[in-house]
Amino acid sequence: MPKPIRHVFVCSQNRPAGHPRGSCGAKGCAAVVDEFMQQWQQRQCFAEVAVTPTGCIGPCGMGPNVLVYPEGVMYCNVTKEDVSAIFDEHLLGGKVVERLVAPADVW
Ligand code: FES
């Protein structure tokens, strides 16, 4: 397996209703995970990009959250409509999508 240039972790965490931390699941992350998987398949960029649905990655109240390495960039409040920009601009283009970046006091 080739080492990917970038690896995106897409939070897929759920928690029970009423949990104090909430969850990305409660804020619709399933649609974001699905969109990442579909676009990964469409682009066939498996050697360049790795996509991994993951458990909690931190700022649950600002989810759905997405984390990209090697840069360590956290994107917050991501919708499925944002996935194309993250793929084209950052994962494949190397340019951070500034409008989605977590505030400095969050990450
Ligand atoms: S539940 Fe998604 S970051 Fe915590």
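Conventions we followed
Residues numbered from 1 in each chain as written. Predicted model: local features only at pLDDT ≥ 70, side-chain atom pairs only at ≥ 80, totals over all residues. Axes fitted to C-alpha atoms, helices over the stretch in contact; angles between N-to-C directions. Helix = DSSP H or I, 4+ residues; strand = E, 2+ residues; numbered from the N terminus. Parallel < 35°, antiparallel > 145°, perpendicular 65-115°, else oblique. Left-handed = near helix turned anticlockwise from the far one by under 90°. Contact = placed C-beta atoms within 7 Å. Nonpolar A, V, L, I, M, F, W, Y, C, P; charged D, E, K, R; others polar. Pairing = 2+ DSSP bridges.

Our focus in this paragraph is the packing of helix α1 (residues 29-43) against helix α2 (residues 83-91). Between α1 and α2, whose axes approach to 9 Å, the crossing angle comes to 45°. Accordingly, the angle class assigned to the pair α1 and α2 is oblique. At the point where α1 passes α2, the crossing takes the right-handed sense. For the pair formed by α1 and α2, the contact residues are Val32, Glu35, Phe36, Gln39 and Arg43 on the first element and Val83, Ser84 and Phe87 on the second. Taken together, the residues of the contact of α1 with α2 break down into four nonpolar, two polar and two charged.

Sheet architecture is open: four strands sit in the order β2-β1-β3-β4, paired in mixed fashion. Edge strands, defined here as strands with exactly one partner in the open sheet, are β2 (49-54) and β4 (73-75). Across this sheet, the average inter-strand angle for adjacent strands is 20°, counted without regard to direction. Packing of α2 onto the sheet brings it into contact with β1 (6-11), β2, β3 (66-69) and β4, and relative to β3 it is tilted by some 15°.

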